[in-house]
Amino acid sequence: MPTQDFTVGQWITHAHDRFMSLNYTRYPIAIVRGRGCELYDADGRRYLDLFAGFGAGILGHCHPDLVEAVIEQARTLWHVGNLLHTQPQTLLAERIAKHGFGGRSFFCHSGADANEAAIKLARLYGKAHPGPGGVKRFKIITALGSFHGRSFGTMVATGQNKVREGFEPLLEGFSHVPFNDLEALRAAIDDQTVAVMLEPIQGEGGVNIPDDDYLLKVRRLCRERDVLLIADEVWTGCGRTGKYFAYQHWIHRRDESPDIMTLAKGVGGGLPVGVMCARPEIAELYNARTQGGVKHATTLGGNCIAMAAAHMLFQVLERDRLVDHAASLGKYALDRMRRWVREIPAVKAARGRGLFLGLEIDPNAHGAWFKAGADVVGRCLEHGLLINAAQQSILRLAPPLIIDREQLDEGLDLLESILRGSA
Ligand code: PLP
């Protein structure tokens, strides 16, 4: 507990270093309170949050409707386990089906969990639909630069070596091809391939947006080869990119939707929710009634409080038209950032969809005062602005979708001054 020798903030960070796993690289800031797009540290300092906890705080901090939904549910029912039916999870599943492709949802706690559920389901599909001559299908192709989680299966699915190093021997059956390269994918599919797993927009890879025809062509290729398409929408789901789900930017026909979609981060609005949603005929392979028992499960999956929050989140997205708001405000921000590319030599490229924005910076450019994205993030923090850097030199912005133009401009003005070296 804090004592006379420590302020609350100092105690939190000091005790953290003594008692907690040090697996994260944290800034020496202890946040104690949040409201909307603002955070406050233990000394009462305000931060404008343009990253929303890796995008998960998609409605901002302590959104009144989410708070109400959680309190109401906490007074009513917390947890009974999945031997019984509970209303919040059924309501949420209905919303996801409505805005997506009519699939069936399995609920868990994180993106890694959701992707594990998808990988296991794909393997069941491979068993049920063997290749030529009865060959077993179990291989999954993902993209270089992708990120799918840090559990044993998903770290191997992830197309970045640094995530796997030291954990060998690895799970077999995964390979990686360049993102946005249809021919490389076509060449990689063999008789044992059962699924392709892609982020429609790569998040941890640096907000990488594919060509306009890529995803639909991948979809059609997968159909031709009877290979499942798994869309990892953990970063991009629930309106973040200006569509309910990012695949909808490029795939417009419901019958061409992905076979499986995974969600986490934003779907819980900051509570731990993961979702694996599959087309009904594929989800059938997890049907405990017809498949001879339970194939996949998790004790707290579909927890009533988390589900009530996620269900309310969809209601707020609909009521406040936040998906359209993300699309238009994101376009405004991207136009501003594209001007920086023309005007500031150290800004190489700006990209994004909706309120998922990336800025590629060049530390070697004339006049650049920073050596890496982390330096810019650090300077922003000194000025009370929270953004993020990925892959050394990509600055990422993922503000809550409730942000208004004035607040966004406050953050962009500051970032612009910092990039110009004048703040
Ligand atoms: N999939 C994608 C696209 C992600 O960006 C992440 C995390 O960043 C994950 C999966 C893993 O999610 P979680 O950290 O909730 O396990």
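Residues numbered from 1 in each chain as written. Predicted model: local features only at pLDDT ≥ 70, side-chain atom pairs only at ≥ 80, totals over all residues. Heavy atoms only, no water.

If you look at the biggest cluster of nonpolar residues, it comprises 87 residues, and the most contacted ones within it are Phe-314, Leu-415 and Leu-419. In this structure Leu-419 touches Trp-340, Ile-344, Val-347, Leu-359, Ile-361, Trp-369, Phe-370, Val-376 and Leu-395, once residues within four positions along its chain are discounted. Membership of the second largest hydrophobic core comes to 27 residues, among which are Ala-118, Ile-119, Met-155 and Ala-278. (Core = buried A, V, L, I, M, F, W, Y, C linked by side-chain atoms within 4.5 Å. Buried < 20%, exposed > 50% of the residue type's maximum accessible area, 1.4 Å probe, protein only. Contact = heavy atoms within 4.5 Å.)

All right, on to the site of the ligand then. Near the ligand, the surroundings consist of 13 residues, among which Gly-111, Ala-112, Asp-232, Trp-235 and Lys-265 are the closest. Gly-111 is positioned such that a nitrogen or oxygen atom in its backbone is 2.8 Å from an oxygen atom of the ligand. Protein contacts shield 82% of the accessible area of the ligand, which totals 390 Å² for the unbound molecule. Residue contributions to the shell around the ligand peak at 3 residues, all from helix H4 (residues 111-128). By residue class, the composition of the shell around the ligand is 4 nonpolar, 5 polar and 4 charged. (Near = heavy atom within 4 Å. Polar contact = N/O pair within 3.5 Å; in protein donor to acceptor, adjacent residues only side chain to side chain. Areas by Shrake-Rupley, 256 points an atom, 1.4 Å probe, with all protein chains shown as cover. Helix = DSSP H or I, 4+ residues; strand = E, 2+ residues; numbered from the N terminus. Nonpolar A, V, L, I, M, F, W, Y, C, P; charged D, E, K, R; others polar.)

Let us now look at helix H13 (residues 405-420). Taking 1.5 Å of rise per residue, 16 residues should cover 22 Å, and H13 covers 22 Å from first to last C-alpha, within 8% of that figure. Among all positions in H13, only Gln-407, Leu-408, Asp-409, Gly-411, Leu-412, Leu-415, Glu-416, Ile-418 and Leu-419 are buried. Just beyond H13, the residue with positive phi is Gly-421, at close to 80°. (Expected span 1.5 Å × (residues − 1).)

With that settled, consider the environment of Ala-309. In this fold, Ala-309 is placed in helix H10 (residues 304-319). Taking the C-alpha atoms as reference points, Ala-309 and Gly-268, 41 residues apart in sequence, are found 6.5 Å from one another. Leaving out residues up to four positions away in the same chain, Ala-309 has contacts with Leu-66, Val-70, Gly-268 and Leu-271.

With that out of the way, let us pick up the side chain of His-99. Assignment of secondary structure puts His-99 in helix H3 (residues 87-99). By relative accessible area, His-99 is classed as buried at 13%.

Further remarks concern the sheet that holds strand E12 (residues 356-361). What holds strands together in a sheet is hydrogen bonding between their backbones, with the strands either parallel or antiparallel. Read from one edge of the open sheet, 4 strands run E11-E12-E15-E14, paired in antiparallel fashion. The sheet is open, and its two borders are formed by strand E11 (347-353) and strand E14 (388-390), each paired with just one other strand. Going across the sheet, the axis of each strand differs from the next one's by a mean of 25°, ignoring polarity. One ladder, built from 4 bridges, connects E12 with strand E15 (residues 394-397); its direction is antiparallel. Of the residues in E15, the one forming a bridge with Leu-359 is Leu-395. Strands E12, E14 and E15 of the sheet are contacted by helix H12 (residues 373-382), whose axis makes an angle of about 175° with E14. Against the sheet, H13 touches E11, E12 and E15, its axis set at about 170° to E15. (Pairing = 2+ DSSP bridges. Axes fitted to C-alpha atoms, helices over the stretch in contact; angles between N-to-C directions.)

Once that is clear, we can look at unusual backbone geometry. Put simply, Glu-168 and Pro-169 share a cis peptide bond, and its omega is 0°. Assignment of secondary structure puts Pro-169 in the loop between helix H6 (161-164) and strand E6 (174-177). Despite not being glycine, Cys-238 shows a phi value in the positive range, around 65°. Mapped onto the elements of the fold, Cys-238 is located in the loop between strand E8 (228-232) and strand E9 (260-263). Residue classification places Cys-238 among the buried positions, given a relative accessible area of 1%. Phi is positive for Gln-392, which is not a glycine, with a value near 70°. With respect to the secondary-structure elements, Gln-392 resides in the loop between E14 and E15. We classify Gln-392 as exposed; its relative accessible area is 62%.

Okay, the pairing of E11 next. Judged from the 6 bridges that link them, E11 and E12 form a sheet pairing that is antiparallel. Bridging across to E12, Ala-350 finds its partner in Leu-359.

Taken as a whole and judged by the stated rule, the model has 9 aromatic pairs. Considering the side-chain rings of Trp-235 and Phe-356, the 4.5 Å spacing of their centres and the 20° angle between planes classify their relative orientation as stacked. Of this pair, Trp-235 sits in the loop between E8 and E9 while Phe-356 is found in strand E12, placing the two residues 121 residues apart along the sequence. Using a relative accessible area of 0% as the deciding quantity, one classes Phe-356 as buried. Their ring planes at 85° and their centres at 5.4 Å tell us that Trp-369 and Phe-370 sit as a pair that is edge-to-face. Residue class for Trp-369 comes out partly exposed when judged on its relative accessible area of 29%. Of the residues examined, Phe-370 reaches a relative accessible area of 3% and is grouped as buried. By the ring-pair criterion, three or more aromatic residues cluster together here, those being Phe-101, Tyr-244, Phe-245, Tyr-247 and Phe-314. Stacked on the ring of Trp-369, the Lys or Arg Arg-379 has its end atom at 3.9 Å from the ring centre. Directly above the ring of Tyr-332 sits Arg-405, whose terminal nitrogen or CZ lies 3.8 Å from the centroid. (Phe/Tyr/Trp six-rings, centres within 6.5 Å; stacked < 30°, edge-to-face > 60°. Lys NZ or Arg CZ within 6 Å of the ring centre and 35° of its normal.)

It is the contact of H12 with H13, at a shortest axis distance of 10 Å, that shows an interaxial angle of 125°. Viewed along their axes, H12 and H13 adopt a mutual orientation that is oblique. Note that H12 runs across H13; the crossing there is right-handed. For the pair H12 and H13, contact is made by Val-376, Arg-379 and Cys-380 and by Leu-415, Ile-418 and Leu-419, respectively. (Parallel < 35°, antiparallel > 145°, perpendicular 65-115°, else oblique. Left-handed = near helix turned anticlockwise from the far one by under 90°.)

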